[in-house]
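So you can see what is in the structure, the chains are spelled out below.
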Amino acid sequence: MEPEERVRLGKLDAIVRSDELRAKIYPIVDRVCIALSQKPEALMTWEPIPLDVFGEGLPPEIRSGWIFVLRAGADTGAERHPNSHQRMMTLHGSGDMKTESKKGELRIKKDEKRIDWQSNVPPNVWHRPVVGRDGDWVVISFHTVPAEELIEEKLDESGAGTKQKKYVEGREKVRIKN
């Protein structure tokens, strides 16, 4: 890991672990958890966090913060953020952030394109949150673009291409790419 990234992650870690921040974000966490409980078909719910909640110590390249709650036992599918670098920390629960084993490499299995998934390998590749069965996974996610600009590409594993989504005001705006 680059020294600058180690410093950046240290700052984010200190901010997220502070009692002051936790007091400010837990009402957001509660709202997002309630939203998930009211949507039995949803794999996850989310809400952006206003940047001023984080105070002065936020690294300057961080342009948005989010609370995501991923449903227990869910595999939300492969995704990536082509216009942002993501850093994420667990607040509650557990999960495995699987990432593509080799950037961009697909392997063929039974005439299907499949990504060879591995746990905890380098960033800037497709990633796939897989949530433990014991409870929902509550995470805080930081991105290098403002909330209204964040793009998520979801891999359609049937081979139909990718779907591009923007998370704006808690809603998805979807565009299909082939």
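Owing to the predicted nature of the structure, the values given are computational and were not obtained by experimental measurement.

Criteria and cut-off values
Residues numbered from 1 in each chain as written. Predicted model: local features only at pLDDT ≥ 70, side-chain atom pairs only at ≥ 80, totals over all residues. Heavy atoms only, no water. Pairing = 2+ DSSP bridges. Helix = DSSP H or I, 4+ residues; strand = E, 2+ residues; numbered from the N terminus. Axes fitted to C-alpha atoms, helices over the stretch in contact; angles between N-to-C directions. Contact = heavy atoms within 4.5 Å. 1 Å grid on protein atoms, 1.4 Å probe; cavity = no way out; pocket = protein on both sides within 12 Å on 5 of 7 lines; lining within 4 Å. Points joined across faces, edges and corners; volume = space filled by probe spheres on them. Nonpolar A, V, L, I, M, F, W, Y, C, P; charged D, E, K, R; others polar. Phe/Tyr/Trp six-rings, centres within 6.5 Å; stacked < 30°, edge-to-face > 60°. Expected span 1.5 Å × (residues − 1). Buried < 20%, exposed > 50% of the residue type's maximum accessible area, 1.4 Å probe, protein only. Arc of directions from axis to C-beta. Core = buried A, V, L, I, M, F, W, Y, C linked by side-chain atoms within 4.5 Å. Salt bridge = Lys/Arg side-chain N within 4 Å of Asp/Glu carboxyl O.

Caption draft 1: Here's a closer look at the sheet that holds strand β2 (residues 64-70). If you trace the four strands from one edge of the open sheet to the other, you get β1-β2-β10-β4, paired in antiparallel fashion. Of all strands in the sheet, those bounded by a partner on one side alone are β1 (44-49) and β4 (86-92). Taken over all neighbouring pairs, the strand axes of this sheet differ in orientation by 25 degrees on average, direction set aside. Sheet strands touched by helix α1 (residues 3-17): β4 and β10 (137-143). Its angle to β4, the strand with the most contacts, is close to 30 degrees. Its contacts with the sheet place helix α2 (residues 19-37) against β1, β2, β4 and β10, and it is angled at close to 150 degrees to β1.

Caption draft 2: Examining empty space enclosed by the protein more closely. Evaluated as defined, the whole model comprises one cavity of 30 Å³ or more. Considering only enclosed or pocket space, the largest cavity measures out at about 130 Å³ in volume. As for the largest cavity, its lining consists of 16 residues, and the residues nearest its centre are Met-44, Phe-68, Glu-79, Gln-86 and Pro-129. Listing elements by their share of the lining of the largest cavity, those giving two or more residues are β2, β4 and β10. Of all the elements, β10 adds the most residues to the lining of the largest cavity, at three residues. Considering only residue class, the lining of the largest cavity consists of nine nonpolar, five polar and two charged.

Caption draft 3: Highlighting the packing of aromatic side chains. The tally for this structure, following the rule as stated, stands at three aromatic pairs. Both rings, one in Phe-54 and one in Phe-142, keep their centres 5.3 Å apart while their planes meet at 55 degrees; by these two values the pair is tilted. Placement of Phe-54 in the loop between β1 and β2 and of Phe-142 in strand β10 is noted, with a sequence separation of 88 residues between them. In this structure an aromatic cluster arises from ring pairing among Trp-46, Trp-66 and Phe-68.

Caption draft 4: Just α1, in detail. When the terminal C-alpha atoms of α1 are compared, their 21 Å separation across 15 residues agrees well with the 21 Å that a helix rising 1.5 Å per residue should span. Taken residue by residue, α1 has Glu-5, Arg-8, Leu-12, Ile-15 and Val-16 as its buried positions. Projected onto a plane normal to the axis of α1, the buried residues spread over an arc of 95 degrees and lie on a single side. Along α1, exposed side chains directed more than 90 degrees from the buried face belong to Pro-3, Arg-6 and Arg-17.

Caption draft 5: Representation of the nonpolar core in the model. Of all hydrophobic cores here, the largest spans 22 residues; its most connected members are Ile-25, Ile-49, Phe-54, Ile-67, Leu-91, Ile-140 and Phe-142. Breaking this core down by element, the ones donating at least two residues are α1, α2, β2, β4 and β10. It is α2 that provides the largest number of residues to this core, a total of six residues. Contact partners of Phe-142, with chain neighbours within four places excluded, come to Leu-12, Val-16, Phe-54, Leu-58, Ile-62, Ser-64, Gly-65, His-85, Gln-86 and Arg-87. Listed in part, the 12 residues of the second largest apolar core include Met-44, Leu-70, Ala-74 and Val-145.

Caption draft 6: Region of interest: the pattern of salt bridges. Scanning the entire structure with this criterion turns up 10 salt bridges. A salt bridge links Glu-5 to Arg-87; the nearest nitrogen and oxygen atoms lie 2.8 Å apart. Pair noted here: Glu-5 is in helix α1 and Arg-87 is in strand β4, with a separation of 82 residues, a long-range link. Comparing Glu-5 with Arg-87, the two get one shared label, buried. Between Arg-17 and Asp-13 there is a salt bridge, with the nearest N and O atoms lying 2.7 Å from each other. Note that Arg-17 and Asp-13 are positioned in helix α1 at a spacing of four residues, about one turn of the helix.

It is worth stressing that arrangement in space is one thing and function is another; only the former is reported here.
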